[in-house]
Amino acid sequence: MSNDFAPRTFELWVFLSRSPLLWLTVTLAAYVAADRVSQATGRHPLANPVLHSIWLIGLILWATSTPYGTYFEGAQFVHFLLGPATVSLAFPLYEHRKTVLKALVPMLAALFVGSIVALGSVLLVGSLLGLPQELLVAMAPKSVTAAVAMGIANTLGGDPALTAVMVALTGILGAIIVTPLFNLLKVTDWRARGFAVGLASHGIGTARAFQVHPLAGTFAGIAMGLNALLTAILVPLALGLLAG
Amino acid sequence: MIAALTTILLCQLAGEVLARGVGLPIPGPVLGLVLMLLLLGLRDRFRARLHASLTGPQLETTGKTILAHLSLLFVPAGVGVVQRLDVFGAYATALAITLVVSTVAALIATLLTFKLVLRLTGDTEVSQ
C-alpha cells in the first residue's frame, strides 16, 4: 500500500500543477498573506502587498519549475478584472464630481506636464544609460495602467510581457516613495498628492492613495484614467522623435 | 450584483467596440469609463421615471468592491518578471536608475504643477 503513495502523489501534482485552480488559489493566497502583513505594519510603504506577492509567487514557481504560461492560465481570471476595474473608476469620479470639476484647470495642467515628464524622462535617462530600443519601447508607457500599457507596447512592436513588468515595478516604486517624498516636499493637499501618484504610478499608486485618504484615491483614479488617454497618444509621437 | 457586473462589462465591451471599430487611439476600458460616467449622469437625471431596480446602490457597491482590491489585479502581470530575469540581470543598474529617476520626476512635476496652478486659480487647500 505504501508503494502506491508516491506515484499517486505525483499524479495528483501533475494534475494540480496544470490546473488553473491551483495557480488562482496561490495568487489569492499570496496576496491575502502580503495584505495582512501590510495591515499589521499600519500600511507601511515598504510592506507593499503587490511587491511581496510577486516575489513570493515567483519563488513558488521557481521551486516547482512551473512555467509562467501555466501560472497565467490560472492567474488570468484576476488579470482580466483590470478592464472592469478601469471602468469602475467612474464611480468615485462621479461621486466626487463637484470637487473634481472645481479643480479642473490644475488637473489638466498637471496632466500634461506630468505625462510628458514621465514619458520624456524614461526615454532620456534610458537612452543615456544605453538601454536597447526594445527596452525603451517596453518602458515608455510604464506609468499607465497595465491593460492599456500592454496595448500600447503591442501596437508599437514592443514586448507586452516586458511592459507589464515595467508597469508593475513603476507602480510599486511610486507607491513606496510617494508618502515620504511628499511629506518631505511639505505638500498636504490631498487632491495634488493623489493626482500625482495616480499619474506616475497608475493603479498600484491609486490603491496606495485610497489607503491614505479617499479624496487622494479619487484624484489618483482620475489621473490614472486621463494619463492612459494622453500616453496612448504621446508614446507613438515620442518614439517617432527618438527614431528620427 | 450580477446585473451590476453585467452593466460594467457592457460599458467595457461598448468601449472596445467603439475604440476598435472607429480606430480611436484611446484604450477600450478608458472609453468604457467615460460611457459609465454618462450612464450614471443619465440615471440620476431620469431617476424619478426609472424602475427601482435600476436606481439602487448595487452598481456603485460592485464597482467599489472591484476597486477596493485594485492592487491585487497587478500581481499576475508583475509575476511575469520571472520570464524576463535574463533582461533584468543584464541591465539591472540602468533599469533601476531609469525607473527611479523617471518615477520621482513624474511625481514631483505633477505635484508641483497641480499645486502651482491651484494657487494661481485662487483655490484653497484641501488637506483634511
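Residues numbered from 1 in each chain as written. Chains lettered and ligands numbered in written order. Predicted model: local features only at pLDDT ≥ 70, side-chain atom pairs only at ≥ 80, totals over all residues.

Helix and strand counts for chain A come out as 13 helices and zero strands. In sequence order, the secondary structure elements of chain A are arranged as α-α-α-α-α-α-α-α-α-α-α-α-α. With respect to the three principal axes, the spread of C-alpha positions in chain A is 75 × 45 × 30 Å. Looking at the 244 residues of chain A, the share that counts as buried comes to 53%. In chain A, of all internal contacts separated by at least 6 residues, the share reaching a separation of at least 24 is 64%. (Helix = DSSP H or I, 4+ residues; strand = E, 2+ residues; numbered from the N terminus. Buried ≥ 20, exposed ≤ 12 C-beta atoms within 10 Å, placed from the backbone. Contact = placed C-beta atoms within 7 Å.)

Here we come to the domain arrangement of chain A. Residue and element names in this part refer to chain A. On domain assignment, one finds that chain A holds domain 1 (1–80) and domain 2 (83–244). Distance from the C-alpha centre of domain 1 to the C-alpha centre of domain 2: 28 Å. Opposite the eight residues of domain 1 that make contact, domain 2 presents 10 residues. Tallied by class, the residues present in the side of domain 1 that touches domain 2 amount to six nonpolar, one polar and one charged. (Domains from an automatic or database assignment. Nonpolar A, V, L, I, M, F, W, Y, C, P; charged D, E, K, R; others polar.)

What follows is about helix 1 (residues 2–22) of chain B. Counted at 1.5 Å a residue, the expected span for helix 1 of chain B with its 21 residues is 30 Å, and the 29 Å between its end C-alpha atoms agrees. For helix 1 of chain B, the full list of buried residues reads I8(B), C11(B), Q12(B), G15(B) and A19(B). Angularly, the buried residues of helix 1 of chain B cover 90 degrees about the axis, an arc narrow enough to put them on a single face. Across helix 1 of chain B from its buried face, at more than 90 degrees, point the exposed residues I2(B), T6(B), V17(B), R20(B), G21(B) and V22(B). As for helix 1 of chain B, its buried residues are in contact with helix 5 (82–88) of chain A together with helix 2 (28–45) and helix 4 (58–68) of chain B. (Expected span 1.5 Å × (residues − 1). Arc of directions from axis to C-beta.)

It is worth spelling out helix 12 (residues 190–212) of chain A at this point. Residue and element names in this part refer to chain A. Relative to the 33 Å expected for 23 residues at 1.5 Å per residue, helix 12 spans just 9 Å between its end C-alpha atoms, considerably shorter than the ideal helical length. Its maximal kink placed at H202, helix 12 deviates by approximately 145 degrees. Where burial is concerned, most of helix 12 is hidden: 21 out of the 23 residues are buried. (Bend = angle between axes of the 7 residues up to and from the residue.)

Next up on the list: the interface of chain A and chain B. If you look at the interface, chain A gives 92 residues, while chain B gives 61 residues. Considering each element in turn, the side of chain A that touches chain B owes the most residues, 15 residues, to helix 11 (residues 160–184) of chain A. Looking at side-chain class alone, the side of chain A that touches chain B contains 67 nonpolar, 22 polar and three charged residues.

Let us look at the packing of helix 12 of chain A against helix 7 (residues 92–120) of chain B. Packing of helix 12 of chain A against helix 7 of chain B brings their axes to within 8 Å, and their N-to-C directions diverge by 145 degrees. Viewed along their axes, helix 12 of chain A and helix 7 of chain B form a crossing whose handedness is right-handed. Facing helix 12 of chain A, whose interface residues are A192(A), R193(A), F195(A), A196(A), V197(A), L199(A), A200(A) and S201(A), helix 7 of chain B presents T103(B), A106(B), L107(B), T110(B), L111(B), F114(B), K115(B) and L118(B). Looking at the contact of helix 12 of chain A with helix 7 of chain B residue by residue, the class counts come to 11 nonpolar, three polar and two charged. (Axes fitted to C-alpha atoms, helices over the stretch in contact; angles between N-to-C directions. Left-handed = near helix turned anticlockwise from the far one by under 90°.)

We now examine unusual backbone geometry. The phi angle of most residues is negative, glycine excepted, and most peptide bonds adopt the trans form. Residues and elements named next belong to chain A. For S65, which is not a glycine, the phi torsion comes out positive at approximately 45 degrees. Residue placement: S65 occurs in the loop between helix 3 (49–63) and helix 4 (68–80). Given 7 C-beta atoms within 10 Å, S65 falls into the exposed group. With phi around 55 degrees, K186 is a residue other than glycine that occupies positive phi space. Looking at the secondary structure, you find K186 in the loop between helix 11 and helix 12. On the neighbour-count criterion, K186 (6 C-beta atoms within 10 Å) is exposed.

Relative orientation of the contacting elements helix 11 of chain A and helix 7 of chain B amounts to 50 degrees, with a least axis distance of 10 Å. When the interaxial angle is binned, helix 11 of chain A and helix 7 of chain B end up oblique. When you trace helix 11 of chain A past helix 7 of chain B, the crossing you get is right-handed. Side by side, helix 11 of chain A and helix 7 of chain B meet where L169(A), T170(A), L173(A), G174(A), I177(A), V178(A), L181(A) and F182(A) of the first sit next to L99(B), V100(B), T103(B), V104(B), L107(B) and L111(B) of the second. Here the residues of the contact of helix 11 of chain A with helix 7 of chain B are counted per class, giving 11 nonpolar, three polar and no charged. (Parallel < 35°, antiparallel > 145°, perpendicular 65-115°, else oblique.)

A few words on the nonpolar core. Residue and element names in this part refer to chain A. Counting residues in each nonpolar core, the largest one holds 108 residues, and the members touching the most others are A146, A168, I172, F195, A196 and A223. Residues lining this core come from more than one domain, with at least three contributed by each of domain 1 (1–80) and domain 2 (83–244). Those residues within four positions of A223 in sequence are excluded, and the remaining contacts are L111, F195, G198 and L199. (Core = buried A, V, L, I, M, F, W, Y, C linked by C-beta atoms within 7 Å.)

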